[in-house]
Amino acid sequence: DRGDSGTRKMNLYEWEKAFKKIDKNSYQPLIIRDTINSLKQVKLFKDIPEAPFASSHLHLRFALYQKSYLNFFKPNGPSLISLYGKAPTIFFFEPDSKQGAITRDWYRAYYGMNVGSQHPLTTKNKLVIWHKEDVNNILNSIKLQEKIISDTLKKIDIVICTALIPGKKAPQIITENMIKNMKMG
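So, how was this worked out
Residues numbered from 1 in each chain as written. Predicted model: local features only at pLDDT ≥ 70, side-chain atom pairs only at ≥ 80, totals over all residues. Heavy atoms only, no water. Phe/Tyr/Trp six-rings, centres within 6.5 Å; stacked < 30°, edge-to-face > 60°. Helix = DSSP H or I, 4+ residues; strand = E, 2+ residues; numbered from the N terminus. Buried < 20%, exposed > 50% of the residue type's maximum accessible area, 1.4 Å probe, protein only. Pairing = 2+ DSSP bridges. Axes fitted to C-alpha atoms, helices over the stretch in contact; angles between N-to-C directions. 1 Å grid on protein atoms, 1.4 Å probe; cavity = no way out; pocket = protein on both sides within 12 Å on 5 of 7 lines; lining within 4 Å. Points joined across faces, edges and corners; volume = space filled by probe spheres on them. Nonpolar A, V, L, I, M, F, W, Y, C, P; charged D, E, K, R; others polar.

**Q** In this structure, what is going on with the packing of aromatic side chains? I would like to understand it.
**A** Two aromatic rings, taken as a pair, are described by how far apart their centres are and by the angle between their planes. Under the counting rule described, the total for this entry stands at 15 aromatic pairs. Consider the rings of tryptophan 15 and phenylalanine 72, whose centres lie 5.1 Å apart with planes at 75 degrees: the pair is edge-to-face. Within this pair, whereas tryptophan 15 is found in helix 1 (residues 12–21), its partner phenylalanine 72 is found in strand 1 (residues 71–73), the two being separated by 57 residues in sequence. For tryptophan 15, a relative accessible area of 8% puts it in the buried group. Exposure remark for phenylalanine 72: the relative accessible area of 23% places this residue in the partly exposed category. A ring pair is formed by phenylalanine 19 and phenylalanine 45, whose centres lie 4.9 Å apart and whose planes are at 85 degrees; its orientation type is edge-to-face. Of this pair, phenylalanine 19 sits in helix 1 while phenylalanine 45 sits in the loop between helix 1 and helix 2 (52–56); the two residues are 26 residues apart in sequence, bridging distant segments of the chain. The exposure class assigned to phenylalanine 19 is buried, which follows from its relative accessible area of 7%. With relative accessibility at 2%, the residue phenylalanine 45 sits in the buried group. Put simply, the rings of Phe93, Trp106, Tyr107, Tyr110, Tyr111 and Trp130 touch in pairs and so form one group of aromatic residues.

Below, the structure written as structure tokens:
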């Protein structure tokens, strides 16, 4: 969405492929664009809703991040607030030697991060994928989140799940198989 070398820009082709493969009964993608591009009239994807108002309203943006099943980001300022919430977050990060605050040296000096490491002082559900986003990385990240939920459900005997998208059927993120594998209580 930005005019840089691509490190902060979505790979629209890969996301389009991923959106075609995502189960629409389970997931509803929502795009929050960079603030500078939030009011553009042309949508990034034909059938994927955007939330332009959340691009410039930090509190609303954070609330949407927290209510999301899974957040995906490229490195940019507003994405960093997601590190302080509870919702799972995936950062697709490809260092760029020409882009000041996204060089390997900058991340090493200011965050103490090397390629392959995670953001410091964050929870285990904040993952950095040190590659360009591609359809396989996107879909594997969703499958990883499904596995985390399934593994968590095996340890508990009750779950309350609510989700509603106005005008659409509620998503089914907990499968019947996950329920069968829960401990008896």
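Right, picking up where we left off after that structure.
**Q** In this structure, what is going on with the sheet that holds strand 2 (residues 89–92)? I would like to understand it.
**A** Hydrogen bonds between backbone groups are what pair the strands of a sheet, and the pairing can be parallel or antiparallel. With parallel pairing, three strands are arranged side by side in an open sheet as 1-2-3. Looking at which strands have only one partner, the edges of the open sheet turn out to be strand 1 and strand 3 (126–129). Geometrically, the sheet is characterised by an average inter-axis angle of 20 degrees between neighbouring strands, direction not taken into account. Here strand 1 runs beside strand 2; their pairing, made up of three bridges, is parallel. Bridged to phenylalanine 73 within strand 2 is phenylalanine 91.

**Q** Is there a simple way to think about empty space enclosed by the protein in this case?
**A** Empty space among the atoms can be located by rolling a probe the size of a water molecule over them. A full pass over the atoms with the stated rule returns two cavities of 30 Å³ or more. In this structure, the largest cavity occupies an estimated 60 Å³ of space. What lines the largest cavity is simply Leu70, Pro88, Thr89, Ile90, Lys124, Asn125, Leu127, Ser141, Leu144, Gln145 and Ile148. Listed by contribution, the elements that provide at least two residues to the lining of the largest cavity are strand 2 and helix 5 (135–153). Sort the elements by how many residues they give to the lining of the largest cavity and helix 5 lands first, with four residues. When grouped by side-chain class, the residues that make up the lining of the largest cavity number six nonpolar, four polar and one charged. Here the second largest cavity defines a volume of roughly 50 Å³. Lining the second largest cavity are Pro75, Phe91, Phe93, Tyr107, Met113, His119, Val128 and Trp130. The residue inventory of the lining of the second largest cavity, partitioned by class, reads seven nonpolar, one polar and no charged.

Geometric values such as these leave the question of function open.
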